[in-house]
Amino acid sequence: MGLDKRDPLISRAELAAQAGVARATVTTWEKRHGDFPTPVRSGGAEYFHLSEVLDWLGTRIVPRSQLRPGEPEGTTYRVRILEQQGFEQVPRQIEPGARGAQGDLVTGKALVNELMGSHADRVSGSASMLDFLSLLFSLVFLRETVPAAWRDVEDAAKKGTGVEHMAGLLACIGAVADRELRRYGVPPGMRESLMRLEPRSYRDLVGVVRLTAKLPRGTFRLILDQYEDRAGLRSEEFFTPRGVVQLAAELGLGSAPKNASIYDPYVRGGEMLVAAAMRCGTVGPGTTLHGESPRRDTLRFAGMNIALHGSPAVLRSTRTTPWATEGARSGFADVVLTNPPFNMSDTAGAERVQGAWEFGAPPQGNDNLAWVQHVMNALKPGGRAIVVMPVKAGNSVNSAEREIRQNLIVRGAIECVVALPPRLFSTTPVPVSLWCLRRTEMPRPEVLLVDARHLGTGTGRRNVVGDDGLGAILEVVRPWLFGAALGSVAYSEPRPHTTLVPRGAFAASGYSLSPMDHVPESLSAAQPAREELIQTHGEATRLGRLVHEADADAAGLAWARLTGARAQGALSPGWTEARLAELCDIQPGPSYTRLGKADRSPRGEVPVIFPRQLEGGRILFLEEENVFLKKARELVNFRLVAGDVVCVRTGELRPPALVEPEQEGWLLSTNLVRLRVREGAGVDPGFLVDQLSLPHSMQWMRNRAEATAAPSLSRDALGHLPVRFPSMSEQREIVRVSALLRRQAVLHREYADALVRAREELLKHLMLGPSADKPLAPSVLPL
């Protein structure tokens, strides 16, 4: 195809005209030859990718009787088509004057807010916001890239006067946009989308055209952001935040060759490929941008977005699971930048059979690591990929996913994982990481793990990775990816928390790729230095003397002995480590359908425990949360006995609590989970409560719960929590000391409350006199 890096779509009639044959000949080729290209269907019509047709026609020689003047004998149909002028064979340059005015960001935001607000309501009617978005993007696209077509739109808008001209103007805009999209190989469909709009009046429609003409250059992304904020999009629909895109481009393209092949298998709004084009400057003759998506609506947006930046790209509509596509390409990309749709379920599903799984078959119902392997399959030797992944993909307890992570680590595919700040997406709280992958035969012996969660900047309900956070991450990660040793450059502040983990050391964490499970700073709150423990105890002892606690000294001696006996983070002699599921039976609470609000009553006989009742390792009683005996008998599997441990499993996590003898027979609510220590497990329930209350254990649970859209800790995930414990006698001594200190804390709070009350009474007496308790007469009330 010469120098053209686009892959236009052509109809059968256009193919016949370019090849110089009858329309019926194209149909004959299609019917007689099973290897003829498969058409792309869109809007009731069918089109072919020009590159596929040219490949097929490359060996088809034009019969001597049908040669045109000047064509030598042996000319192929491919050569004939390439000589035609119907489709440009060089990158189309944006015409002079096509760009809008540069303008300022504040003006652009104000105009976009106006368009996406009242104008959207008046023009959309019963159509979706996506259809109105198609109108805005079509207008911006034509104005900035095809001024002749834009003038046609403006002329058509001026000629119309009433309701009878609305359909004609919408059809004009959609048809011209579709024609230009086909030049980029994008299936048309704008006209179909625009015809669903129902403007209240012709004036409203023309108002959108005129307001679009005032938009400054570069507002395409502003419109995307506004749409995402307003539409409440799902994982497969939302667009990638700017800071994440910029970070991915900087990390992925730092060592890319000049004539790189850059690929995004889930192109969304084209933001990754646009960043790649901007990072590489003008795309050279040998550089290609490839994008795919199963969503044709956003694929059209991506085509416009990329075209607005003057960068041709090959864009394809694919099926939802591209790894299952027959004849899927492999080993063609130097760089992959992508934010695929991710699943948040901690599935226990069986392995799937379709697809070629180099690192292991992912479980059914979760495509996270299927996308990772699809990306790896696309890379050339030495190629690098930057993939946005949910945190859950890095620490899920599913056996199939754990095996895949193990293979990725051991075989050197993982270079680095960066945990990004939370709440980056406006429509989901799901925390994400960047996975840096590489296809190499000589991997480094360690993996760099980076915790950058604290480097976000809040803007309303969401965070952004600003210039400072971006610079801090790049300062650490980029040198490592491109050959420098960690710490070989001076770092500025603030900086992300980092650690290097030998590939063989990941087994201890279940091959977790979550930086929070490895980075020392992320665990520091869980393992305080001995000096900090002694300092804390000293303060407690001082306060203890003030309230004359007789057992403070005894507690202090035990505290000092226990904290001095173990090295920080080490497994001391006589201690054992096991997973929670090996020690306890884990029972989640009943579903909402089995225990709903209507089932509870203050008049019920059996109390139900809710998360808000867990406080200080104990369970508080709430009179209003009860069920009747009949309902309690239906929920016998969720009954509590003395010595059970109750934990929060959904919502905001709080420390667990121990069930006391007087609470036997109470019931779990939906948001809780019951741990029942197995006979002979060698663990004291009170010790288990104290260990699960440690900051380290709580952070472990939060890291796995917060990796889901709605914070939730599954039975399987909780079962993998590591528990360390000594002999039973030492456990009981620890529990005794813990109880003493808990009692001290209660007394200190009571003492502090008493001091506050005494101060208030004293000040009232000193300042207002003995009659302070009597109500003031109206005449002496202060003005």
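Numbering of residues starts from 1 in each chain and follows the order in which that chain's sequence is written. Note on the predicted model: pLDDT of at least 70 is required for a residue's local features to be given, and 80 or more for side-chain atom pairs to be given and counted; whole-chain, interface and lining totals, by contrast, use all residues. Note that the side-chain values use all heavy atoms of the structure and ignore hydrogens as well as water.

Trainee: Could you clarify how one ought to interpret the pattern of salt bridges in this entry?
Mentor: A side chain of one charge can pair with a side chain of the opposite charge when the charged atoms of the two come close. Any carboxyl oxygen of Asp or Glu that lies within 4 Å of a side-chain nitrogen of Lys or Arg is treated as forming a salt bridge with it. Within this structure, the stated rule accounts for 31 salt bridges. Across the salt bridge formed by arginine 12 and glutamate 30, the nearest N and O atoms sit 2.9 Å from each other. With a gap of 18 residues between them, arginine 12 in helix H1 (residues 12–19) and glutamate 30 in helix H2 (residues 23–32) connect regions that are remote in the sequence. A salt bridge links arginine 41 to glutamate 46; its shortest N-O distance comes to 3.7 Å. For the purposes of this entry, the term helix denotes a DSSP run of H or I that reaches at least four residues, the term strand denotes a run of E that reaches at least two, and both are numbered from the N terminus.

Trainee: Which parts of the structure should I look at to understand the packing of helix H12 (residues 242–252) against helix H13 (residues 271–280)?
Mentor: Each pair of packed helices gets described by two things: the angle between the helix axes and the distance between those axes. One way to put it is that H12 packs onto H13 with a least axis distance of 9 Å and a crossing angle of 50 degrees. Compared by their axis directions, H12 and H13 come out oblique. Considering how the two elements wind past one another, H12 and H13 form a crossing that is right-handed. Of the residues in H13, those touching H12 at Val245, Ala248, Ala249 and Glu250 are Glu271, Met272, Ala275 and Arg279. Axis geometry follows a simple rule: fit a line to the C-alpha atoms, using only the stretch in contact for helices, then measure angles between N-to-C directions, giving values from 0 to 180 degrees. For classification purposes, angles smaller than 35 degrees are called roughly parallel, those larger than 145 roughly antiparallel, those between 65 and 115 roughly perpendicular, and all remaining angles oblique. Throughout, a crossing is termed right-handed when the near helix is turned clockwise from the far one, and left-handed when it is turned anticlockwise from it by less than a right angle. Whether two residues are in contact is decided by their heavy atoms: any pair within 4.5 Å suffices.

Trainee: What's the story with unusual backbone geometry in this structure? I'm lost.
Mentor: Peptide bonds are trans in most cases, and residues, glycine excluded, mostly fall at negative phi. Of note, the phi angle at arginine 268 is positive, near 50 degrees, even though the residue is not glycine. Tracing the chain through its elements places arginine 268 in the loop between strand S4 (261–264) and H13. Relative accessibility under 20% of the residue-type maximum defines a buried residue, over 50% an exposed one, and the middle range a partly exposed one, all with a 1.4 Å probe and only protein chains included. Taking the relative accessible area as the measure of exposure, arginine 268 reaches 2% and is therefore buried. Positioned with a positive phi, arginine 423 is a non-glycine residue whose angle comes to about 55 degrees. With respect to the element layout, arginine 423 can be found in the loop between strand S9 (414–419) and strand S10 (432–438). Exposure remark for arginine 423: the relative accessible area of 35% places this residue in the partly exposed category.

Trainee: Please explain the sheet that holds S10 as it appears in this structure.
Mentor: Whether parallel or antiparallel, the strands of a sheet pair through hydrogen bonds between backbone atoms. With respect to topology, nine strands assemble into an open sheet ordered S6-S5-S4-S7-S8-S10-S9-S11-S14, the strand pairing being mixed. Whereas interior strands pair on both sides, the edge strands pair on one side only; in this sheet they are strand S6 (314–317) and strand S14 (497–502). Between one strand axis and the next, the sheet turns by 15 degrees as a mean value, whatever way the strands run. Only strands that DSSP links by at least two bridges are regarded as paired with each other. By the bridge criterion, five bridges tie S9 to S10 in an arrangement that is antiparallel. Across the sheet, isoleucine 414 pairs through a bridge with leucine 437, a residue of S10.

Trainee: Looking at this structure, I do not really get the sheet that holds strand S22 (residues 657–658). What am I missing?
Mentor: Strand order in the open sheet made by the four strands is S16-S24-S21-S22, with antiparallel pairing throughout. Looking at strand neighbours, the two that pair on one side only are strand S16 (584–588) and S22, the edges of this open sheet.

Trainee: How do you make sense of the packing of aromatic side chains when you look at a structure like this?
Mentor: Both the distance between ring centres and the angle between the ring planes are used here to describe each pair of aromatic rings. Pairing of aromatic rings covers Phe, Tyr and Trp, the last counted by its six-membered ring, and requires centre-to-centre distances within 6.5 Å; plane angles under 30 degrees mean stacked, over 60 mean edge-to-face, and any other angle means tilted. This structure, assessed with the given rule, holds 12 aromatic pairs. Here the aromatic rings of phenylalanine 36 and phenylalanine 48 are separated by 5.5 Å at their centres, their planes lie at 80 degrees, and the arrangement is edge-to-face. One end of the pair, phenylalanine 36, is in the loop between H2 and strand S2 (40–42); the other, phenylalanine 48, is in strand S3 (residues 45–49), with 12 residues separating them in the sequence. When sorted by exposure, phenylalanine 36 lands in the same class as phenylalanine 48, which is buried. One aromatic cluster is present, formed by Trp29, Phe36, Phe48, Trp56 and Tyr77 through successive ring pairs. Lysine and arginine charges are scored as sitting over a ring when NZ or CZ, respectively, is within 6 Å of the ring centre and within 35 degrees of the ring normal. The ring of phenylalanine 610 carries arginine 612 above its face, with NZ or CZ at 5.4 Å from the centroid. The cationic tip of arginine 704 hangs over the ring face of tryptophan 700; the distance from NZ or CZ to the ring centre is 3.9 Å.

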